[in-house]
Amino acid sequence: MHIKKYCIFIMTVLAFWTLGLQGGATAAPDPTEQMKPFLDNIITQLKSEEFQNDTTCNQCNRIVELASEHFDFREMSKRVMGKQWKHLTPQQQDQFTELFTKLLQYAYIGQVNEYVDKKIEFTGQRIKGNRAEVKTKLMDENKEIPVSYIMILKGDNWMTYDIIVEGVSLVRNYREQIFSVLREEQFAGLITLLEKKIANLEAGNDEG
Amino acid sequence: MKYFIQIYIISLLGAVCLIAFPLTVALAANDKVIDFLDDAFYDEEETEHTQVPDPLEPLNRWMFSFNDYSYTWVLEPVASGYSYVVPPDIRHSVDNFFYNLQEPVRCLNALAQARFSDAGTMALRFIVNSTGGVAGLGDPAGRELGLKAVDATLGETMGVWGVGDGFYMVVPLYGPTTLRDFTGTTVDSLALSPYYMWADGWEESMGIYLGKELNKLSLFLGDYEKMKQLSFDPYIAIRNGYFQTRTQMRNYKTTE
């Protein structure tokens, strides 16, 4: 009698366990499978004539709209700030995230043409808990640039929060720039600097 | 007597190798391996530049502006003109040629760092590219045999042997480096590369250096401008980029 109960117990546990495993496997999507159509779509959009003839302002908004599907600019801003992030008020966090996103969007719009005639090859991925790295190579005839996307799983979506270009972490690079400003001019100085840089980029892009 | 000296030298080398090998392995194992998926990488207070001090920052910033100025007004226009006239195939061949000539120096450095498989790759690359690649103009070893180029410098060798970086510096017409790495580069290229020995005088050596670097620059046009556009403190962005690339390159070799 006891043995029967025991068997049933074991079987139930096993059943739940296998279910759980399957459930776990379906719940965590494959990062490369998500990135592939996402990047393909962005490149197709960038190549389209409609996009190429659009105004810089519209181009920027379009890119951010497309990118936000798998890019998390808040996670990015948080890491750019490092330990300082916790010392900021929620309003300051929002303000910084907004400006930093804007800086990235203006800075990268100038590089759109770089991506158009290049091919992206996916070379591998690595998953560690809810983090993943998707490795790619940006290629043309003469050059191969390794680009890695560092992502965090949020719900069903892998969200990029850092890009590693030829071994250089974008977040880490911005962080060092920001640190020296924060040391000397505090948060207000940083905001002024960001606004100035964005204004410059805006002006530069409009002229071009 | 002559025979005796030979035996002496060989046994001395053997002894050095015996002591050096475990030491280098121990030192290499101490290298911190970067994991981008680890949050600790983003939380670290200590950034690359605090590991290598930058006491000359004001002077370095001045040098940086000087380099920036000469890049924008002299080097970039000349390199653009050059890249307009000379097709990319030829420029890549020139680059390959100089790269191949330094392969033996690289190989020695790899040996001194106890990276034996990399040293083997370099030796093979040198043999294949010098013959099949027509004196190093082509890169059949990389393209056909899958022997990808790996680097090893004297700066690294000194690092493996425990020599510290000293400090960060920006060298005119050369760029970001550290005291140790720049010393290493100078010895590697000036003392050990055959093309400077072929030159008749320092003017000719300088000419070769400028030609070689100009050719290289023509293959990377636009990269610097891009970087400058993306950052709001280009000096720090370049400094950080330099250290990140270096750590990554050296890490990659020890882990894979």
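Note: the structure precedes this text.
Draft legend 1. Representation of the overall build of chain A in the model. Each helix and strand counted, chain A has 8 helices and 5 strands in total. Written out in order from the N terminus, the α and β elements of chain A read α-α-α-α-α-α-α-β-β-β-β-β-α. Buried positions account for 44% of the 208 residues belonging to chain A. Within chain A, counting contacts between residues at least 6 apart in sequence, those at least 24 apart form 53% of the total.

Draft legend 2. Highlighting unusual backbone geometry. Non-glycine residue E166 of chain A carries a positive phi angle of around 50 degrees. Its place among the elements puts E166 of chain A in the loop between β4 (157-165) and β5 (168-169). Under the relative-accessibility criterion, E166 of chain A is labelled partly exposed at 46%. A positive phi angle, near 60 degrees, is found at L173 of chain B, a position not held by glycine.

Draft legend 3. Local environment of the interface of chain A and chain B. Counting residues at the interface gives 40 residues for chain A and 34 residues for chain B. For the pair chain A and chain B, the summed buried surface comes to about 3,400 Å²; carbon and sulfur atoms form 51% of the total. When residues of chain A are sorted by the area they lose upon contact with chain B, R172, E176 and Q177 of chain A head the list and together hold 22% of the total. Taken together, the links from chain A to chain B amount to 1 salt bridge. As a salt-bridge pair, R239 of chain B and E176 of chain A come within 3.5 Å of each other at their nearest N and O atoms. Our count for the contact surface shared by chain A and chain B stands at 6 residue pairs in polar contact (both at pLDDT 80 or more). Listed by contribution, the elements that provide at least two residues to the side of chain A that touches chain B are α6 (90-109), β1 (119-128), β2 (131-139), β4, β5 and α8 (170-207) of chain A.

Draft legend 4. Local environment of the packing of aromatic side chains. Summed over the entire model, instances satisfying the criterion amount to 13 aromatic pairs over all chains. Their ring planes at 10 degrees and their centres at 5.7 Å tell us that F96 of chain A and F100 of chain A sit as a pair that is stacked. Of this pair, F96 of chain A and F100 of chain A both sit in helix α6, 4 residues apart, which is roughly one turn of the helix. You can call F96 of chain A buried: its relative accessible area is 0%. We classify F100 of chain A as buried; its relative accessible area is 1%. Centre to centre, the rings of Y242 of chain B and F243 of chain B are 5.1 Å apart; their planes meet at 65 degrees, and the pair counts as edge-to-face. One aromatic cluster is present, built from ring pairs that chain together F64, Y168, Y235, Y242 and F243 of chain B. In this structure, R79 of chain A packs its charged tip against the face of Y161 of chain A, placed 3.9 Å from the ring centre.

Draft legend 5. Main features of the packing of helix α6 (residues 103-112) of chain B against helix α7 (residues 116-131) of chain B. All names here are of chain B. The N-to-C vectors of α6 and α7 enclose an angle of 165 degrees; their axes lie 8 Å apart at closest approach. As the angle between them shows, α6 and α7 are arranged roughly antiparallel. Where α6 crosses over α7, the two elements pack in a sense that is left-handed. Counted together, E103, P104, R106, C107, A110 and L111 of α6 and F116, A119, M122, A123, R125 and F126 of α7 form the full contact between these two elements. In the contact of α6 with α7, the residues fall into 9 nonpolar, no polar and 3 charged.

What counts as what
Residues numbered from 1 in each chain as written. Chains lettered and ligands numbered in written order. Predicted model: local features only at pLDDT ≥ 70, side-chain atom pairs only at ≥ 80, totals over all residues. Heavy atoms only, no water. Helix = DSSP H or I, 4+ residues; strand = E, 2+ residues; numbered from the N terminus. Buried < 20%, exposed > 50% of the residue type's maximum accessible area, 1.4 Å probe, protein only. Contact = heavy atoms within 4.5 Å. Buried area = accessible area lost by both parts, 1.4 Å probe. Salt bridge = Lys/Arg side-chain N within 4 Å of Asp/Glu carboxyl O. Polar contact = N/O pair within 3.5 Å; in protein donor to acceptor, adjacent residues only side chain to side chain. Phe/Tyr/Trp six-rings, centres within 6.5 Å; stacked < 30°, edge-to-face > 60°. Lys NZ or Arg CZ within 6 Å of the ring centre and 35° of its normal. Axes fitted to C-alpha atoms, helices over the stretch in contact; angles between N-to-C directions. Parallel < 35°, antiparallel > 145°, perpendicular 65-115°, else oblique. Left-handed = near helix turned anticlockwise from the far one by under 90°. Nonpolar A, V, L, I, M, F, W, Y, C, P; charged D, E, K, R; others polar.

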